[in-house]
Amino acid sequence: MLAWSANHVVILAQHYTADFELSRMESLLVKESPLLLPLNKEKTVYDGFITVQERDFRIRILLPPDHQLKLAKLVSIDTEFRTLRLRAEDSSGRQHVVTVKLKPKHPVEAPWCSADLPVPLAMTWTPQSSLGHVHTQFLLLLESLAEFWAVLDEIDEKTWVLEPEKPSRADTMRRIAIANNVSIKVEVDTQHPKMLPECCLLGAEHVVTPLRNKLNANMHLWNPDCSILQNLRDVLEIEFPSPATHEKSSFSAECGICYAYRLESAIPDQVCNDPRCGQPFHQACLYEWLRGLPSSRQSFNIVFGECPYCSKPITVKMSTQKP
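The structure presented is a predicted model; accordingly, all values stated were derived computationally and were not measured.

Colleague: How should the sheet that holds strand β10 (residues 161-163) be read in this particular structure?
Modeller: Pairing between sheet strands relies on hydrogen bonds along the backbone, with the strands arranged either parallel or antiparallel. Spatial ordering of the open sheet is given by β10-β11-β12-β13, a layout of four strands whose pairing is antiparallel. Both outer strands of the open sheet, β10 and β13 (198-202), are each paired with one neighbouring strand and no more. For this sheet the average axis-to-axis angle between neighbouring strands, irrespective of direction, equals 30 degrees. Relative to β13, strand β12 (residues 182-187) is paired through five bridges, and the arrangement is antiparallel. By the bridge assignment for β13, V186 is matched with C199. In this fold helix α4 (residues 205-217) packs onto β11 (173-179), β12 and β13, with an angle of close to 155 degrees to the strand it touches most, β13.

Here it is as structure tokens:
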């Protein structure tokens, strides 16, 4: 129910559904999103301003204490009252946001929902559903991923993660530094986060081969009751460098061709296998360098040539672009 006065608007929301009947409000032609401030501890009364047809109005929203979706969960809303961003906090205190876009035939049509998640965001919806139902389902999905995120949080806190540079909640891969120009890439399963992940050791062969042998020999020691990080320590028989023991610059060697560490999102992952050299390169840089040498040869997607630094044999696969 809307009560209008010359410069004052009061919204009585006792009879509103959790989506505040946003589809009915688009006719107000709101030019600016409302700036709302809670007036009580229960956050059931909000006061602020909106601009309608180039005129400023004061707005007050009154919600019952047991309302399904309090405005405290509302991060933002667009000027057409069609796209909302809702805040959610999981049991470990992690903050998440789900974006909800209402379709023209709302609530008959299910809204389009998206969030920073490693799994699809599938929502159950009926014409009687509200944004409160969306928020509840989102919370349940967050709790199902709690163990997965706990595993990755430990890796992020106790090791130097080389890739991704700024992990999101949707990322399932971590490339962890082991030593200078040596790392391991792990792909964590969202459903079984403590099981042995897909692993790929990166670095010069004379360094990587002993680690690969240990991984294969000790795989039977993997304990699903322990974290991935602890299991990797036990299986590889190593201690990972951490922010408490090492500077990240120790593992940020520049590419020997472009003299940069990051090439867009890529970091140097090709290393000369000669122990006396060990110079790292970006895959794309080394591929283009070798392709330009008359002495290099190519077989299928692999180029064979000489290291730009020590002239020892080096190979690189054709650089591929992610879709």
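Colleague: Looking at this model, I keep getting lost on helix α3 (residues 146-158). Mind explaining?
Modeller: The α-helix winds at 3.6 residues per turn, so residues separated by three or four positions along the chain end up facing the same way. Relative to the 18 Å expected for 13 residues at 1.5 Å per residue, α3 spans 18 Å between its end C-alpha atoms, a close match to the ideal helical length. Among the residues making up α3, those that are buried are A146, F148, W149, V151, L152, D153, E154 and I155.

Colleague: When you look at the side chain of S242 in this model, what are you seeing that I'm missing?
Modeller: When you line up the elements, S242 lands in the loop between α5 (228-236) and β14 (270-271). For S242, a relative accessible area of 12% translates into the label buried. What S242 contacts, discounting residues up to four positions off in sequence, is K158, T159 and W160.

Colleague: Can you help me understand the pairing of strand β6 (residues 74-77) in this one?
Modeller: The side chains of a regular strand alternate between both faces of the sheet. Of the strand pairs in this sheet, β6 and strand β7 (residues 83-89) are connected by three bridges, and their pairing is antiparallel. By the bridge assignment, S76 is partnered in β7 with R85. Counted along the chain from β6 to the antiparallel partner β7, the turn is five residues long, and its residue F81 has a positive phi close to 55 degrees.

Colleague: What is the right way to read the sheet that holds strand β17 (residues 302-306) from this model?
Modeller: With antiparallel pairing, three strands are arranged side by side in an open sheet as β16-β17-β18. Either end of the sheet is taken by a strand with one partner, and the two such strands are β16 (297-299) and β18 (313-317). The average angle at which neighbouring strand axes cross in this sheet is 25 degrees, direction not considered. Where β17 meets β18, five bridges bridge the pair, whose relative direction is antiparallel. Paired with E306 across the bridge in β18 is P313. Here helix α6 (residues 283-291) sits on the sheet in contact with β16, β17 and β18, set at roughly 115 degrees to β18.

Colleague: Hey, could you run me through α4 in this one?
Modeller: Over its 13 residues, α4 extends 18 Å from the first C-alpha to the last, a length consistent with the 18 Å expected when each residue adds 1.5 Å. Buried residues of α4: V208, L211 and L215, and no others. Down the axis of α4, the buried side of the element spans an arc of 70 degrees, and every buried residue falls inside it. Each element contacted by the buried residues of α4 is listed here: β11, β12, β13 and α5.

Colleague: I'm lost on the pattern of salt bridges in this one. Help?
Modeller: Evaluation of the coordinates by the stated rule reveals 13 salt bridges. A salt bridge links R94 to D90; the nearest nitrogen and oxygen atoms lie 3.2 Å apart. The two residues R94 and D90 agree in class, both being buried. Of the charged contacts, one joins D274 and R276 as a salt bridge, the two residues approaching to 3.3 Å between their closest N and O atoms. Through salt bridges with shared partners, one network takes in D90, R94, D153 and R169.

Colleague: Would you mind showing me how to read the side chain of Q270 here?
Modeller: By the secondary structure assignment, Q270 is in strand β14. One polar contact links Q270 to D269, side chain to side chain, over a distance of 3.3 Å. Ignoring sequence-local partners within four residues, the contact set of Q270 consists of Q279, P280, F281, H282, Q283, L286, T315 and V316.

Colleague: Where do I start with unusual backbone geometry in this structure?
Modeller: Peptide bonds are mostly trans, and most non-glycine residues show a negative phi. For the bond from H106 to P107, the omega torsion is 5 degrees, close enough to zero to count as cis. Here P107 lies in the loop between β8 (95-101) and β9 (112-115). Geometrically, the link from E163 to P164 is a cis peptide bond, its omega value of -10 degrees lying close to zero. Structurally, the position occupied by P164 is in the loop between β10 and β11. One non-glycine residue, F300, lies in positive phi territory at about 55 degrees. Within the fold, F300 resides in the loop between β16 and β17. In this structure F300 comes out as exposed when scored by relative accessible area, which is 78%.

Colleague: Help me out: how do you make sense of the confidence of the model for the protein in this one?
Modeller: Predicted coordinates in regions of low pLDDT should not be interpreted in detail. Within the protein, residue pLDDT values average 81, and 82% of them lie at 70 or more. Low confidence marks residues 1-33, where pLDDT is under 50. Its contacts with residues over four positions away, or in another chain, come to 86 contacts.

What counts as what
- Residues numbered from 1 in each chain as written.
- Predicted model: local features only at pLDDT ≥ 70, side-chain atom pairs only at ≥ 80, totals over all residues.
- Heavy atoms only, no water.
- Pairing = 2+ DSSP bridges.
- Helix = DSSP H or I, 4+ residues; strand = E, 2+ residues; numbered from the N terminus.
- Axes fitted to C-alpha atoms, helices over the stretch in contact; angles between N-to-C directions.
- Contact = heavy atoms within 4.5 Å.
- Expected span 1.5 Å × (residues − 1).
- Buried < 20%, exposed > 50% of the residue type's maximum accessible area, 1.4 Å probe, protein only.
- Arc of directions from axis to C-beta.
- Salt bridge = Lys/Arg side-chain N within 4 Å of Asp/Glu carboxyl O.
- Polar contact = N/O pair within 3.5 Å; in protein donor to acceptor, adjacent residues only side chain to side chain.
- pLDDT = per-residue confidence, 0-100.

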